[in-house]
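Survey of secondary and tertiary structure
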2 protein chains.
Amino acid sequence: MNIGTAARASGIPAKTIRYYEEIGLIQPAERSDGNYRVYGEHEVQTLRFIRRARSLGFSVDEVAELLDLWRDRSRSSRRVKALANRHLEDIDGKIAALKTMRDTLNELIERCHGDARPDCPILADLAGQGDVADMEVEKSD
Amino acid sequence: MNIGTAARASGIPAKTIRYYEEIGLIQPAERSDGNYRVYGEHEVQTLRFIRRARSLGFSVDEVAELLDLWRDRSRSSRRVKALANRHLEDIDGKIAALKTMRDTLNELIERCHGDARPDCPILADLAGQGDVADMEVEKSD
DNA sequence: TATAAGGATTCCAGTGACTGGAAGGTCAAG
DNA sequence: CTTGACCTTCCAGTCACTGGAATCCTTATA
């Protein structure tokens, strides 16, 4: 099958498949007489693996590692789990950061009248009611 | 004060301040005789505003809008609140997406022995136990 | 058989928000 | 007068694609 069909079968855009080939995430595809990339079921499975891993937030580098592990029949599940755990912590960190943002922002929003008047706790906070602590300005001029 | 001092005073790296100037987020700074950028308290306050807004996850474009609003004495808090609310929804969307990832990944991790053996539910899921539904493969060759 | 449509190919550029580094200019202290 | 800290500009790289232009291949139809 051609790249378009493989794209539809895997859920990865053709452009992205070419990109994955270019960066070495996947092997260069075989070519037809007319220089078209040719894919088989095996390649599509790999592509789906990649798509699923990406959808779980793994970086392309991590996906490369996962692919290696997947293909390595003598792998230990320990290594896979470690990789996944590292990523999980990553996600947890991001969630925590977003939650902090969210809560701060939400509090500000709740305190804002949201009417025609200009005075606004959101802007007030951004302008300095916030964390302007521990900042020592040395005057050099 | 010079850019390094303004950087320390605002918490924004000198490089980033130059970048903000380049993209037009802030006005080009005055220059000294030796062509050094010169900043005053006013500029530092703007920089701090930007830093705080960025730390709440606003994009640079949104920060530009917030700066406009901040400077506009005839603004309505309604507009600020609307902008903040849009961003809040954005954050909520991201949190939700990350949580979904997190839960899926966590479940997979919990089912993984994490020992010397190769069999691993994480890889099994990536390889296709997952959402391979609604995918119609038309055979064109 | 000509041609048109719908793929495919390569290559270049842009996204967002910086960050690193090279090559060189400026300034204050010793 | 030199040293070292700081500043300048400019170019490149990050991450993971995505858009678009110009051109080529394949297949179906008039």
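Refer to the preceding data block for the structure.
Residues numbered from 1 in each chain as written. Chains lettered and ligands numbered in written order. Predicted model: local features only at pLDDT ≥ 70, side-chain atom pairs only at ≥ 80, totals over all residues. Heavy atoms only, no water.

When chain B is fitted to chain A, the residual RMSD is 0.1 Å, and the transformation amounts to a turn of 180 degrees plus an axial shift of 0.0 Å. Taken together, the rotation angle and the small translation identify this as a two-fold axis. For chain B, the residue whose C-alpha comes nearest the rotation axis is Ile95 of chain B, separated from it by 3.0 Å. Both copies contact each other with a shared surface, as 98% of the interface residues of chain B are interface residues in chain A too. (Least-squares fit on C-alpha atoms with pLDDT ≥ 70 in both. Contact = heavy atoms within 4.5 Å.)

Attention now moves to the protein's contact with DNA strand D. Of all residues adjacent to DNA strand D, which total 18 residues, the nearest are Lys15, Tyr20 and Arg54 of chain A together with Gly4 and Arg37 of chain B. Those atoms of DNA strand D that come within 4 Å of the protein belong to sugar or phosphate at a rate of 69%. In this structure, Val60 of chain A approaches DNA strand D through a main-chain N or O atom, which is 3.3 Å from a phosphate oxygen. Between DNA strand D and the protein, one listed contact pairs a phosphate oxygen with a backbone N or O atom of Gly4 of chain B at 2.6 Å. Mapped by element, the contributors of at least two residues to the surface near DNA strand D are helix H2 (14–22) of chain A together with helix H1 (3–10) of chain B. Per element, the largest residue contribution to the surface near DNA strand D is 4 residues, and it comes from H2 of chain A. Class assignment for the residues of the surface near DNA strand D results in 7 nonpolar, 6 polar and 5 charged. (Near = heavy atom within 4 Å. Polar contact = N/O pair within 3.5 Å; in protein donor to acceptor, adjacent residues only side chain to side chain. Helix = DSSP H or I, 4+ residues; strand = E, 2+ residues; numbered from the N terminus. Nonpolar A, V, L, I, M, F, W, Y, C, P; charged D, E, K, R; others polar.)

Function cannot be read off these values alone, since they describe shape.
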